[in-house]
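Per-entry structural report
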Amino acid sequence: MSLPENLPLFDKIAEHMLDVMYFDLFRYIVTASVMFAIIVIFKGWAERRRIQERRAKREDYLREISSSIRTVFFFGITTLSTLFLREAGIIRFHFDSFPIAIMLLQAVAMILAHDTYFYWMHRALHTRALYQATHLHHHKSRTPTPWTAYSFSVWEAIAEAAFVPLYLLATSLLGVAYIGMAILVFIWFQIIRNVMGHAGVEVMPAGWVDNKWVGWINTTTHHDLHHSTFNHNFGLYFTWWDRWMGTEHPQYKERFRAVAKPLVVSPRLAEKLSVVMMAGLASTVTLSGGLASMVA
Ligand SMILES: [Zn+2]
Ligand SMILES: [Zn+2]
């Protein structure tokens, strides 16, 4: 980001705040809407895989969406601070050309670091001293919905948002100039996994938890159990920390097996799938065409 030299600091902040807030809000709305649409369009599939019998109420949706918008404001402040720290030369990342392998390696390192940060921050927010003031708001959603993803109190929003600048500050101090695309991959991965974890219906295929290649990747049931039971499953992307620290729900695998029924493709489901895939393809082609014309 390059800032015009002649703008006073306040104007620079005001001008770029809207841009970064739009970017964060866009990711939340697009990801939560796509998940919500999948649940509505494939109602039969979703109902067979619903994790809780209890349903979220209208006031839950309103609280989740309004507090997620407030969270976007705090994410925006953090994004802007990160960009200003980059202008000041304190945080280092770039958008120059890059080898794909290094970019992917950096994105994976950031995801692993965030998984660790989240687990321990989450454990801290569950302590008696912090819970009421910070994390209680997120747990008002006893039955999560895709819109729960950013439903945080102000203090939790700040703690959640702090990861990116802290991580980039640490890597900059170690002399690593991060590739901007790796940060973007991480940011999209984070919101997609966050929305999947709060979907309320299990999205992973049957047999996931019993497969040695993928069983260590968290499912929707994993985080849903955290919302319904409070004292287990603090992890975000992977099951490792909960297993190492003995905090995994004892019936996690059983609950997953009960809810993740194998996919039965009826003619009606096949019809819906082909329509959704064609619509997805058409939007991708239109978006790519729009982007290509913007770049040209
Ligand atoms: Zn919690
Ligand atoms: Zn949650």
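Definitions and cut-offs
Each chain carries its own residue numbering, running from 1 in the written order of its sequence. Chain letters and ligand numbers both follow the written order, the letters beginning at A and the numbers at 1. With the structure being a predicted model, the display of local features is reserved for residues of pLDDT at least 70 and the display and counting of side-chain atom pairs for 80 or more, all residues being used for whole-chain, interface and lining totals. Only hydrogens and water are set aside; all other atoms, that is, all heavy atoms of the structure, feed into the side-chain values. UniProt positions are given in the numbering used here, feature names are shortened, and annotations may be inferred rather than shown by experiment. The rule for a salt bridge is simple: a side-chain nitrogen of Lys or Arg has to be within 4 Å of a carboxyl oxygen of Asp or Glu. Comment: elements are numbered from the N terminus, with helices defined as DSSP H or I runs of at least four residues and strands as E runs of at least two. Only N, O and S atoms count as donors, using a 2.8 Å cut-off from the metal and 3.2 Å for Na, K and Ca, and because water is excluded some sites may appear unfinished. Definitions used throughout: a 1 Å grid over protein atoms alone; a cavity as a set of points that fits a 1.4 Å probe which cannot get out; a pocket as an open set with protein on both sides within 12 Å along at least five of seven lines; a lining residue as one with an atom within 4 Å of a point. Grid points are joined across faces, edges and corners, and a volume is the space filled by probe spheres set on the points. Note on residue categories: nonpolar means Ala, Val, Leu, Ile, Met, Phe, Trp, Tyr, Cys or Pro, charged means Asp, Glu, Lys or Arg, and polar means any other residue, Gly included. Categorising residues by exposure relies on relative accessible area from a 1.4 Å probe, with only protein chains included: less than 20% of the type maximum marks a residue as buried, more than 50% marks it as exposed, and the intermediate range marks it as partly exposed. Note that the domain bounds reflect an automated or database-derived domain assignment. Angular criteria define each label, namely tetrahedral for four donors with all angles between 85 and 135 degrees, square planar for four and octahedral for six donors with opposite donors over 155 degrees apart and remaining angles between 65 and 115, and irregular for whatever fails these tests. The axes are straight lines fitted to the C-alpha atoms, using for helices just the contacting stretch, and the angles between their N-to-C directions are given from 0 to 180°. Just so you know how the angles are binned, under 35 degrees is roughly parallel, over 145 roughly antiparallel, 65 to 115 roughly perpendicular, and the rest oblique. Residues are treated as being in contact if the distance between any of their heavy atoms lies within 4.5 Å.

The name an unreviewed UniProt entry assigns to the protein chain is Sterol desaturase family protein, from the organism Altererythrobacter arenosus. Taken directly from UniProt, the Subcellular location (unreviewed entry) text for the protein chain runs: "Membrane".

Summed over the entire model, instances satisfying the criterion amount to six salt bridges. Residues joined by salt bridges that share partners form a network here, namely Glu47, Arg50 and Arg55.

Those places that UniProt annotates as "domain: Fatty acid hydroxylase" (unreviewed entry) correspond, in this numbering, to residues 108–247. The span residues 108–247 is 56% helix and 1% strand, and its two end C-alpha atoms sit 24 Å from each other.

Six octahedral donors around a metal ideally subtend angles of 90 or 180 degrees, whereas four tetrahedral donors ideally subtend 109.5 degrees. Coordination sphere of the zinc ion (ligand 1), protein contribution only: His122 (NE2), His126 (NE2), His135 (NE2), His139 (NE2) and His226 (NE2), at 2.0 to 2.2 Å. The sequence pattern describing where the donors of the zinc ion (ligand 1) fall on their chain is H-x3-H-x8-H-x3-H-x86-H. With His126 in the loop between helix H4 (100–125) and helix H5 (131–134) and His226 in helix H10 (residues 220–229), this residue pair connects regions lying 100 residues apart in the sequence.

For the rest of this paragraph, the subject is the layout of surface pockets. Here the largest pocket defines a volume of roughly 880 Å³. Forming the walls of the largest pocket are 41 residues, and the residues nearest its centre are Phe23, Asp24, Arg27, Thr79 and Ile187. Sorting elements by how many residues they give to the lining of the largest pocket places helix H9 (residues 180–197) first, with eight residues. The class makeup of the residues in the lining of the largest pocket is 21 nonpolar, 15 polar and five charged.

Bringing empty space enclosed by the protein into the picture now. Evaluation of the coordinates by the stated rule reveals one cavity of 30 Å³ or more. Its boundaries defined by the atoms lining it, the largest cavity holds a volume of some 80 Å³. Residue lining of the largest cavity: Arg193, Asn194, Gly197, His198, Asn218, Thr219, His223, Gly235 and Leu236, and that is the complete set. If you tally residues by element for the lining of the largest cavity, the top one is H9, at three residues. In the lining of the largest cavity, the residues fall into one nonpolar, seven polar and one charged.

One non-glycine residue with positive phi stands out, namely Phe230, at about 70°. Assignment of secondary structure puts Phe230 in the loop between H10 and helix H11 (240–244). With a phi close to 60°, Asn233 is a non-glycine residue in the positive phi region. Mapped onto the fold, Asn233 is located in the loop between H10 and H11. Judged by relative accessible area, which is 0%, Asn233 ranks as buried.

Bringing the domain arrangement of the protein chain into the picture now. By domain assignment, the protein chain separates into domain 1 (9–263) and domain 2 (265–296). Taking only C-alpha atoms into account, the centre of domain 1 sits 26 Å from that of domain 2.

Before going further, it helps to spend a moment on the coordination of the zinc ion (ligand 2). Surrounding the zinc ion (ligand 2) are the protein donor atoms His138 (NE2), His198 (NE2), His223 (NE2) and His227 (NE2), at 2.0 to 2.1 Å. Note that the zinc ion (ligand 2) binds four donor atoms; their angles at the metal cover 91 to 156°, and the shape is irregular. Sequence spacing among the residues donating to the zinc ion (ligand 2) works out to H-x59-H-x24-H-x3-H. Of this pair, His138 sits in helix H6 (residues 136–139) while His198 sits in the loop between H9 and H10, placing them 60 residues apart in sequence.

This brings us to the packing of helix H7 (residues 154–161) against helix H8 (residues 163–173). Running from amino to carboxyl end, H7 crosses H8 at an angle of 25°, the nearest separation of the two axes being 5 Å. Relative to H8, the element H7 is oriented roughly parallel. Of H8, the residues touching H7 (which contributes Ala159, Glu160 and Ala161) are Phe163, Val164 and Pro165. By residue class, the composition of the contact of H7 with H8 is five nonpolar, no polar and one charged.

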